[in-house]
Amino acid sequence: MLLVYVQKITPRVSYTFKQICKRILGLDVDFTSKIESFIAYDGPKLSYGKQPLGKELYFQSVDLLFEHGFNEVDVQVLPWEDTQCFFRVKHNNATLPFDIFAASFYLLTRYEEYLPHVKDELGRFSATESIAYQNGFLQEPVVDIWAYKFKNTLKNKYPEIEFQERTYDVLPILYINQTFAYWQKGILRSLGGGIRDLWQLKINQVTDRIKVALGLKKDPYNTFDFIINLQKKRLRKCIMFFGLGDYTNYEKNINYNNPEHREVIKHVSDYVDVGLKVSFDAISDLSTLKEEKIRIENIVNRQLRYSLCAFYKIKLPEAYRNFIELEIQDDFSMGYPGHSGFRAGTCTPFLFYDLDYEVQTPLVIYSFCCTPKSFENAENEYAVKQELIAYLEKIKKVNGLFIPIFSNGLFSELNEQTYWRSLFEFIWNTYEDREN
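A short tour of the structure in this document, coming up. The model shown is predicted, which means the values in this text are computed figures rather than measured ones.

## Let's talk about the overall build of the protein chain
From N to C terminus, the protein chain includes 13 helices and 16 strands. Radius of gyration (C-alpha) of the protein chain: 24 Å, near the 22 Å computed for a compact globule of 436 residues. Dimensions along the principal axes, computed over C-alpha positions, put the protein chain at roughly 80 × 45 × 40 Å. Expressed as a percentage of its 436 residues, the buried residues of the protein chain come to 56%.

## Concerning the pattern of salt bridges
Within this structure, the stated rule accounts for 21 salt bridges. The shortest N-O distance in the salt bridge between Lys 277 and Glu 251 comes to 2.7 Å. With Lys 277 in strand β10 (residues 273-278) and Glu 251 in the loop between β9 (239-243) and α9 (259-269), the pair connects residues that are 26 residues apart, well separated along the chain. For the pair Lys 277 and Glu 251, one class covers both residues: buried. A salt bridge links Asp 356 to Arg 321, with the shortest nitrogen-to-oxygen separation between them at 2.9 Å. Of the two residues, Asp 356 sits in the loop between β13 (350-354) and β14 (359-367) while Arg 321 sits in helix α11 (residues 318-325), which places them 35 residues apart along the sequence. Each of Arg 110, Glu 112, Glu 113 and Arg 343 takes part in one network of salt bridges that share partners.

## Things to note about the pairing of strand β12 (residues 330-334)
Among the 5 residues in β12, 5 count as buried, and that is most of the element. Direction of pairing for strand β11 (residues 306-309) relative to β12: parallel, over a ladder of 2 bridges. Its bridge partner being in β12, Tyr 306 is matched across the sheet by Asp 330. With respect to chirality, the unit in which β11 leads through α11 into the neighbouring parallel β12 is right-handed.

## Focus: the sheet that holds β14
Strand order in the open sheet formed by 8 strands is β13-β14-β12-β11-β10-β9-β8-β16, with mixed pairing between adjacent strands. The open sheet has two edge strands with one neighbour each: β13 and β16 (405-406). Taken together, the 2 bridges between strand β8 (residues 173-176) and β16 define a ladder with parallel strand orientation. Each bridged residue has a counterpart across the sheet, and for Leu 174 the counterpart in β16 is Phe 406.

## What about the environment of Phe 98?
Its place among the elements puts Phe 98 in the loop between β6 (83-85) and α3 (100-108). Judged by relative accessible area, which is 3%, Phe 98 ranks as buried. Measuring from C-alpha to C-alpha, the distance between Phe 98 and Tyr 168 comes to 27 Å, with 70 residues separating the pair along the chain. When near neighbours in sequence (up to four residues on either side) are disregarded, Phe 98 contacts Leu 78, Pro 79, Trp 80, Cys 85, Phe 86, Phe 87, Arg 88 and Val 89.

## A short note on the state of the cysteines
Within the structure shown, the criterion is met by 0 disulfides. For the unlinked cysteine Cys 309, the closest cysteine sulfur is that of Cys 370, found at 19 Å. Distance from the sulfur of Cys 347, which forms no disulfide, to the nearest cysteine sulfur (Cys 369) is 8.5 Å.

## Focus: helix α5 (residues 142-157)
The end-to-end C-alpha separation of α5 is 23 Å, in line with the 22 Å expected for 16 residues at 1.5 Å each. Within α5 the residues assigned to the buried category are Val 142, Val 143, Asp 144, Ile 145, Trp 146, Ala 147, Tyr 148, Lys 149, Phe 150, Lys 151, Thr 153 and Leu 154.

## Focus on the packing of aromatic side chains
Inspection of the entire model under this criterion finds 40 aromatic pairs. Pairing Tyr 15 with Tyr 353 gives two aromatic rings, centres 5.0 Å apart and planes at 50 degrees, and the pair type is tilted. Of this pair, Tyr 15 sits in helix α1 (residues 11-24) while Tyr 353 sits in strand β13; the two residues are 338 residues apart in sequence, bridging distant segments of the chain. In this structure Tyr 353 comes out as buried when scored by relative accessible area, which is 1%.

## Quick notes on the environment of Tyr 357
With respect to the helices, strands and loops of the structure, Tyr 357 is situated in the loop between β13 and β14. Tyr 357 gets classed as exposed once you look at its relative accessible area, which sits at 58%.

## Here we look at the sheet that holds strand β4 (residues 58-60)
Strands sit in the order β2-β1-β3-β4 across an open sheet of 4 strands; the sheet is parallel. Edge positions in the sheet fall to β2 (29-32) and β4, since each has one partner strand and no second. Neighbouring strand axes in the sheet, compared pairwise and without regard to direction, differ in orientation by 25 degrees on average. Pairing of strand β1 (residues 2-6) with strand β3 (residues 45-49) involves 4 bridges; the strand directions are parallel. The partner of Val 4 across the bridge, within β3, is Leu 46.

## Description of the pairing of β3
By the criterion of burial, β3 is predominantly enclosed, with 5 of the 5 residues buried. Along β3, one buried face is formed by Lys 45, Ser 47 and Gly 49 and the opposite face, lined by Leu 46 and Tyr 48, is buried too. When β3 meets β4, the two strands line up parallel, connected through 3 bridges. Of the residues in β4, the one forming a bridge with Gly 49 is Gln 60.

## Structural notes on a nonpolar patch on the surface
The grouping of Ile 35, Ile 39 and Leu 53 at the surface amounts to a nonpolar patch, some 270 Å² of accessible area in total. Relative to the helices and strands, Ile 35 resides in helix α2 (residues 35-40). Judged by its relative accessible area of 37%, Ile 35 falls in the partly exposed class.

Procedures and definitions
- Residues numbered from 1 in each chain as written.
- Predicted model: local features only at pLDDT ≥ 70, side-chain atom pairs only at ≥ 80, totals over all residues.
- Heavy atoms only, no water.
- Helix = DSSP H or I, 4+ residues; strand = E, 2+ residues; numbered from the N terminus.
- Rg over C-alpha atoms; globule rule 2.2 N^0.38 Å.
- Buried < 20%, exposed > 50% of the residue type's maximum accessible area, 1.4 Å probe, protein only.
- Salt bridge = Lys/Arg side-chain N within 4 Å of Asp/Glu carboxyl O.
- Pairing = 2+ DSSP bridges.
- Right-handed = clockwise from strand over helix to strand, strands pointing away.
- Contact = heavy atoms within 4.5 Å.
- Disulfide = S-S within 2.5 Å.
- Expected span 1.5 Å × (residues − 1).
- Phe/Tyr/Trp six-rings, centres within 6.5 Å; stacked < 30°, edge-to-face > 60°.
- Axes fitted to C-alpha atoms, helices over the stretch in contact; angles between N-to-C directions.
- Patch = residues over 30% accessible without salt bridge, like charges linked within 9 Å, V, L, I, M, F, W, Y side chains within 5 Å.
- Areas by Shrake-Rupley, 256 points an atom, 1.4 Å probe, with all protein chains shown as cover.

Structure (structure tokens):
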């Protein structure tokens, strides 16, 4: 166990050190503010503060982990060996040139998203507003990289120290915005869609729409058996998020009470985990969220555990507080739909820290790495595959979790980019035997 001396043990200090030491590095950590206890401890130890106590392993702190609420913070990103960091420290005896704990806290809590910023048309925090994008490290899991630099420092000082090594993994996510393209859409919606296709001279789609409506052809978005068959061949954790919100300008799925819709969700839940794609209105409305939660629980006959916000919109901190209120355990909304990378600077799940209340919550945040939209500028299948491999290798170095997001429509014959099925199979099968 690692003992950390700190003059004042704040919730921020406890949260950050436990994330880095326990959840990333697999090392138990405890804290003391008593000099006598620190001196008497004969195991691995360090001090964190403004001044060292003596000649111990010392990490200089900035003020962030000892403050309350949020204020304008001066962030100056600088090169550091093979990465970048901020919150530079200058004490001659400091073990590292940056306060990696404060920097990690800043990214993990999404501190910058509480500060004034320009939102996009959907009210979201844009990737281009982030310090990671502006300083060119959005594509790097810097919190995990910093943690491993910290690990090497500890091992140099205490060669006998033991870490519980994690193994990296892949968790594919399916975002189901519309369960069907044509099937069960109703007369008015089908007629309107058919007229639109005719106007755009999409004759094949008009023909397919008629065949699906007559039951002569399977709906092109009904690609769920493709995933299920992969699961039968090789077991892997995968989560599908279905939307069950009422029809609005943002929600275009068929009615949650539709028997065909419910049957698909039940069928899928027999093979993979199912979560709720939280509707746009439910993101900030507790009563609407509660209704959607009840709907999916009634369909799959089990308590809802997983959430993913429509359009990947996270309204901090209200949305996460509502998830906690309704006992949702894991959220997968943390990422940017149009930019691949690590929104919170990490590829390790972490607990949501409420900056308003200064408390660590039980909600686990999973940061996804990429969506199909983030590859829109890729020239071809080879370019997309190479970028996916690059992320896999980065995450493998820090034993993290790679979370790519796909959709059922991506594997449809309606999608002109026909290579997504093979790329998904690549993700599903690659690195399956993690011992090799």
